[in-house]
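Chain by chain, the residues:
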Amino acid sequence: MTWSDGVTESTRRPQTRPTQLPYVPPHLRNNCNDGAFSSMPTSLNDYAVNNANSYGFTSTTESTQAPLGRGGRGYGHRGRGGRGRFHQTQEQEQEPYNIASKLEELEVNVDDESTNFGAYEDIPVEVSGSEIPPPASSFEEIELGESLNRNIKRCKYVKPTPIQRHAIPIALAGRDLMACAQTGSGKTAAFCFPIIHAILELNRFSKPGRVAFPLALILSPTRELACQIYEEAKKFAYQTRVRVAVAYGGAPIVHQLHNLEKGVDILVATPGRLVDMIERAKVSLSMIRCLALDEADRMLDMGFEPQIRKIVQQMDMPPCGSRQTLFFSATFPDEIQRLASDFLSNYIFLSVGRVGSSTDLIAQRVEFVPNMDKRNHLMNLLRGQNANGTHGKHALTLIFVETKRGADALEHWLSVNGFPAIAIHGDKVQMERERALKSFKSGYTPILVATDVASRGLDVPHVAHVINFDLPKDIDDYVHRIGRTGRAGKSGLATAFFSDQNMPLAKALVELLQEANQEVPLWLNDYAKRASNIVGGGRARRFGGSKFGGYDFRRDAPYEIENDPYSSTYGSFDGTTSSYDLSHANSYAATGVDSYSTGSYGHEFSHETIVASGWD
DNA sequence: AAAAAAC
């Protein structure tokens, strides 16, 4: 990145055509051969088909119907007849859902060093905007510099993930970016590497002093996520002169201030504490070269947007255009994209995987469970896990509930019933929150009951099972929640308890399951159809003509762009919706068109391992 | 109607 040249001047026309090499995620590159390669998806399929029975929770509308399709790709099989026996708790007791063996079958988080074999067959990549820098295929090719490369190796990152391959060159070129990539696919590194590289290039490090002048600011919606990003960034900046600091509420401010006084290049923060520090004149944003928002859609939603606007537009931060701005998330609803463009200048829109989609590393199940039966049903699930003795460090269970009170209540109820559970939510003091998370991570209490405080970004290895005890109202929240498992190439399981009051979510849930090649229960389909007749059912988010297109909201609203007071910030973006697959890669180079997308990366084999951590 | 985020 060439901040020293001036951020806005550093954009350049791509010199070479994008190297569209076949992509295989890092975890798939270990000792691959055709036989092993095909083993995982097969077990996934078998899993879905064979367990249609033991799962078997269906509404009366399904009764004796076989489940539709299967969990894998294609619809060649039909599950054997699932019996609708959702009132028959007796039978549940006799035939508890044997989750432990299923987790083994799925090779869920068996071992950090183990690799799972499978394929991302179709990872659509869409890039739009003007003068798009081409993606890179290796870290070496990106030339991040010796010290950073050393740290990348230390972290056992061998090959960039798709989001990294595309986002890092864009960020290095100094461009603003709105990036969407699936949970657990390596977003943290995708914005940390370019930031650290740019600071090293700038070769002007912060000095100790009463007021801190960070060069880069990374914002996070929760304290725990801020901590996690901070820890990651520190690893990446190890033995460089780049200093990283963190600022978040609920912890004594003096320690954080003390650290700031030593000099800060990269500040990771939650909004409230940051504003506090700025108002105390302990931090100045006047030197900020790069602003990165993790979970950017959350940061710009109703609850957070005023604070972000204050920090970005009403403090001493350099204005849009004279700083670089990077937005990252797994989800990016249309209306939030529109809002986000206020903070961006001539930005590039990048999506790896469909926006808001989940990864197919997560096997998703939806069961109809009336509110009254939820606890009993949960008990049966957990008993199934316990029975096989694998409910330890290698199979953590994360249970999401709707309310803070509900989290406490469920924690208590589980504890009383002999399940080692602990709760985390925003009414606990920070120390309790951190203790709960630590206790969960260590496996000391392998069950964590959480509100949405834990739904985004947190990277906890060994989370094998995410249970949506209460489903969220927003499908995007669901995507983030289940994204706590199936990270960095590991597979995972997500179970949702769907009750009558989740009707509004049915349509979006069905669409998501279909996209992720998951089995859609017939009864859920019925709910979705009924719900779609009611105004407001689902979310009008996925539209657009082309198969993968319609994600960059600028494409859907060319007129608004022309009439928009900010239209100049769009540079030469012309609202075209060109779409290119591999066979058209050449035309990209020849014409310098402003967007391209790929439908498939194909497959590739190599021999590499990767260690999970801080992937979001 | 809920959750998160400063003291």
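Remember, predicted model here, so these are calculated numbers, not experimental data. (Residues numbered from 1 in each chain as written. Chains lettered and ligands numbered in written order. Predicted model: local features only at pLDDT ≥ 70, side-chain atom pairs only at ≥ 80, totals over all residues. Heavy atoms only, no water.)

Undergrad: Can you break down the nonpolar core residue by residue, with the values?
TA: With 72 residues, the main nonpolar core has Phe193, Ile266 and Leu350 as its most contacted residues. Among the elements that take part in this core, helix H8 (residues 187–202) stands out by supplying nine residues, more than any other. In terms of nonpolar packing, the next biggest core, distinct from the first, is built from 41 residues, Leu219, Val275, Leu291 and Leu344 among them. (Core = buried A, V, L, I, M, F, W, Y, C linked by side-chain atoms within 4.5 Å. Buried < 20%, exposed > 50% of the residue type's maximum accessible area, 1.4 Å probe, protein only. Helix = DSSP H or I, 4+ residues; strand = E, 2+ residues; numbered from the N terminus.)

Undergrad: Break down the pairing of strand E14 (residues 492–498) for me, citing the residues and quoting the values.
TA: With seven of seven residues buried, E14 lies mostly within the body of the structure. The alternating pattern of E14 places Gly492, Ala494, Ala496 and Phe498 and Leu493, Thr495 and Phe497 on opposite faces, both of which are buried. For strand E9 (residues 362–368) and E14, the ladder comprises seven bridges, and the chain directions are parallel. From the neighbouring strand, Gln364 faces E14, where its bridge partner is Ala494. Each parallel crossover has a hand, and for strand E13 (residues 463–468) linked through helix H18 (residues 475–482) to E14 it is right-handed. (Pairing = 2+ DSSP bridges. Right-handed = clockwise from strand over helix to strand, strands pointing away.)

Undergrad: Let's hear about the sheet that holds strand E10 (residues 396–400): which residues, and what values?
TA: With respect to topology, six strands assemble into an open sheet ordered E9-E14-E13-E10-E12-E11, the strand pairing being parallel. Each of the sheet's edge strands pairs with one partner strand only, and the pair in question is E9 and strand E11 (421–424). Looking at each pair of strands side by side, their axes are set apart by 20° on average, direction ignored. Contacting E10, E11 and strand E12 (447–450), helix H16 (residues 404–416) runs over the sheet at an angle of about 170° to E11. In the packing of helix H17 (residues 430–442) onto the sheet, contacts are made with E10, E11, E12 and E13, and the angle to E11 comes to roughly 140°. (Axes fitted to C-alpha atoms, helices over the stretch in contact; angles between N-to-C directions. Contact = heavy atoms within 4.5 Å.)

Undergrad: Before we move on, could you go through the confidence of the model for chain A and cite the residues and values that matter?
TA: Put simply, chain A has an average pLDDT of 74, and 66% of its residues get 70 or more. Predicted confidence for residues 535–550 stays below pLDDT 50, and this span has 38 contacts to residues more than four positions away or in other chains. Below a pLDDT of 50 lies the segment residues 558–593, which in the model reaches 54 contacts outside its immediate sequence neighbourhood of four places, other chains included. (pLDDT = per-residue confidence, 0-100.)

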